[in-house]
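# Topology and contacts: notes
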Amino acid sequence: MTAGLAASVSAQPPIPVTVTDVTDWSTTPVEAVDANLPLLGYNGGVYAGINTLSVYNGISTTVYNGFCIDPFHWSVGGPVSGYEEVSLFSAPKSPGTLNAATANEIADLWEEYYSPTMSSPSAAGLQIAIWELVSSNAVATGQLPAADAFSLAAGQSDYGASADLASLETYTGPEANVMALTGPGQDYVIDSVPDAGGTFIMLALTLIAIVLARPAIIKNAGQMRQAQRIPVNRREQVWGVRIQR
């Protein structure tokens, strides 16, 4: 693990932004995993993988790939104002606020394992490792009782998350230059250099799908006010996306 603060987590003024989660869960690298989320009163399936986030800073819109760093809040449908782009150690919000050491570890994991073309199992493993770091840090710093910590259900594969975390003990390479988005919904870690090409294609396809689905969205607007559970062998709660029944 690299020592001290690196540029990836150095202090920077918060930038007000509006965030829209435009993730296409049918194409992004993702796995459905069975998790225990006692603080949210939920045990069941969640998506673990790459989120696609459209971020508007008042002047221009940039699309980023990111991972959730907030296993203690449900997502909020976008576009969502009230977000800020901040240094990683300034997020996520309570009870998961990071210290510099844990922020550095997340930056190390990103540098070691993240790729916009990573496989679904690899993306799930990285996401689970990040949730484990955030949750264990919250417990260690007294922000969260151990009984409310994130965990996987018995028998659920961690898709290599434990190996990812173990690698931090010997990793001595550079840290990724990452930032965080913190606000009313879930908080995210994003790369400071957005993914070009594929991400914008994904955004375009998602916007086309939204236009085609607009009549159904309007008809069922009331159902979109809170995250919905979907049946996939068992109830699944999707982080970062709202699903209609």
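The structure this text deals with has already been given above.
Before going into details, it helps to say that this report is about the structure given with it. On a predicted model such as this, the values are computed, not experimentally measured, just so you know. (Residues numbered from 1 in each chain as written. Predicted model: local features only at pLDDT ≥ 70, side-chain atom pairs only at ≥ 80, totals over all residues. Heavy atoms only, no water.)

## Remarks on the overall build of the protein
Within the protein, the regular secondary structure consists of 4 helices and 11 strands. Across the 245 residues in the protein, those meeting the buried criterion constitute 47%. For the protein, the proportion of contacts with a sequence separation of at least 24, taken over those separated by at least 6, is 75%. By element, 57% of the accessible surface of the protein is carried by carbon and sulfur atoms, the whole surface being about 10800 Å². (Helix = DSSP H or I, 4+ residues; strand = E, 2+ residues; numbered from the N terminus. Buried < 20%, exposed > 50% of the residue type's maximum accessible area, 1.4 Å probe, protein only. Contact = heavy atoms within 4.5 Å. Areas by Shrake-Rupley, 256 points an atom, 1.4 Å probe, with all protein chains shown as cover.)

## A short note on the side chain of N137
Note on placement: N137 falls in helix α2 (residues 120–140). In this structure N137 comes out as buried when scored by relative accessible area, which is 6%. At a separation of 3.1 Å, a polar atom in the side chain of N137 contacts the main-chain carbonyl oxygen of T97. Contacts of N137, omitting those with residues within four sequence positions, involve T97, L98, N99, T102 and Q143. (Polar contact = N/O pair within 3.5 Å; in protein donor to acceptor, adjacent residues only side chain to side chain.)

## Things to note about the packing of helix α1 (residues 100–113) against α2
Relative placement of two packed helices is described by the angle separating their axes and the distance separating the axes. Relative to each other, α1 and α2 sit at 175 degrees, their axes nearing to 10 Å. Between α1 and α2, the angle falls in the class roughly antiparallel. Along the contact surface, α1 presents T102, E105, I106 and L109, while α2 presents L126, A129, I130, L133, V134 and N137. Here the residues of the contact of α1 with α2 sort into 7 nonpolar, 2 polar and 1 charged. (Axes fitted to C-alpha atoms, helices over the stretch in contact; angles between N-to-C directions. Parallel < 35°, antiparallel > 145°, perpendicular 65-115°, else oblique. Nonpolar A, V, L, I, M, F, W, Y, C, P; charged D, E, K, R; others polar.)

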